[in-house]
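These are the residues of each chain, in order.
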Amino acid sequence: MAENFYGSICLSDIPKGIITTARNGKKYLNVVVNQRREVGQYGHTHYIKAYAKKGTVSADTNLYIGELKPSEFQEGQAPSRPTYPPAPPTAQDDDYPF
């Protein structure tokens, strides 16, 4: 059976220059999911990075956007979600396609 993973990504950390717009007008972000060398403090076993071809972003651009861990819920059940205080709206919020 395939293992399911649960996690989150930080939308504000996504470099705007690597979000692509398809011919249908929808916006996409290519990502890479890799296994961590060691399990993290909170049980994360994998991490997510935005994918960018070499030469399209500067070498110091941080492409890391989140972490994943094996999900602990049964199929058909939603995972428990952490609660965060709402962030105040900013002008950058208008750039998100959702």
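This text follows the structure it describes.
Now for a look at the structure at hand. (Residues numbered from 1 in each chain as written. Predicted model: local features only at pLDDT ≥ 70, side-chain atom pairs only at ≥ 80, totals over all residues. Heavy atoms only, no water.)

**Here we look at the overall build of the chain**
Secondary structure assignment for the chain yields zero helices and six strands. Counting every position in the chain, which comprises 98 residues, the buried fraction comes to 16%. Within the chain, counting contacts between residues at least 6 apart in sequence, those at least 24 apart form 50% of the total. For the chain, the computed accessible surface area is about 8300 Å², with 51% contributed by carbon and sulfur atoms. (Helix = DSSP H or I, 4+ residues; strand = E, 2+ residues; numbered from the N terminus. Buried < 20%, exposed > 50% of the residue type's maximum accessible area, 1.4 Å probe, protein only. Contact = heavy atoms within 4.5 Å. Areas by Shrake-Rupley, 256 points an atom, 1.4 Å probe, with all protein chains shown as cover.)

**Quick word on the pairing of strand β6 (residues 64–70)**
Two strands pair when backbone bridges link them, and strand β1 (residues 5–9) and β6 are joined in this way by five bridges, in the antiparallel orientation. Within β6, the position partnered with Gly 7 by the bridge is Leu 68. (Pairing = 2+ DSSP bridges.)

**Digging into the pattern of salt bridges**
Scanning the entire structure with this criterion turns up one salt bridge. In this structure, Arg 36 and Glu 67 form a salt bridge, with 2.5 Å as the shortest nitrogen-oxygen distance. One end of the pair, Arg 36, is in the loop between β4 (31–35) and β5 (46–50); the other, Glu 67, is in strand β6, with 31 residues separating them in the sequence. (Salt bridge = Lys/Arg side-chain N within 4 Å of Asp/Glu carboxyl O.)

**Some details on the sheet that holds β6**
Taken in spatial order, the four strands make up an open sheet running β1-β6-β5-β4, and their pairing is antiparallel. Since the sheet does not close on itself, it has two edges, and those belong to β1 and β4, each with one partner. Shown here is a sheet whose adjacent strand axes are inclined to one another by a mean of 25 degrees, direction ignored. (Axes fitted to C-alpha atoms, helices over the stretch in contact; angles between N-to-C directions.)

**Notes on the side chain of Thr 45**
With respect to the helices and strands, Thr 45 occurs in the loop between β4 and β5. A distance of 2.8 Å separates polar atoms of two side chains, one belonging to Thr 45 and the other to His 46. Those residues within four positions of Thr 45 in sequence are excluded, and the remaining contacts are Phe 5, Asn 34, Gln 35, Arg 36, Val 39, Leu 68, Lys 69 and Pro 70. (Polar contact = N/O pair within 3.5 Å; in protein donor to acceptor, adjacent residues only side chain to side chain.)

**Considerations on the environment of Ala 52**
Looking at the secondary structure, you find Ala 52 in the loop between β5 and β6. A residue is classified by how much of its surface remains accessible, and Ala 52, at 18% relative accessible area, is buried. As a C-alpha pair, Ala 52 and Leu 29 span 23 residues in sequence and 9.2 Å in three-dimensional space. The residues touching Ala 52, leaving out its near neighbours within four places in the chain, are Ile 18, Val 57 and Leu 63.

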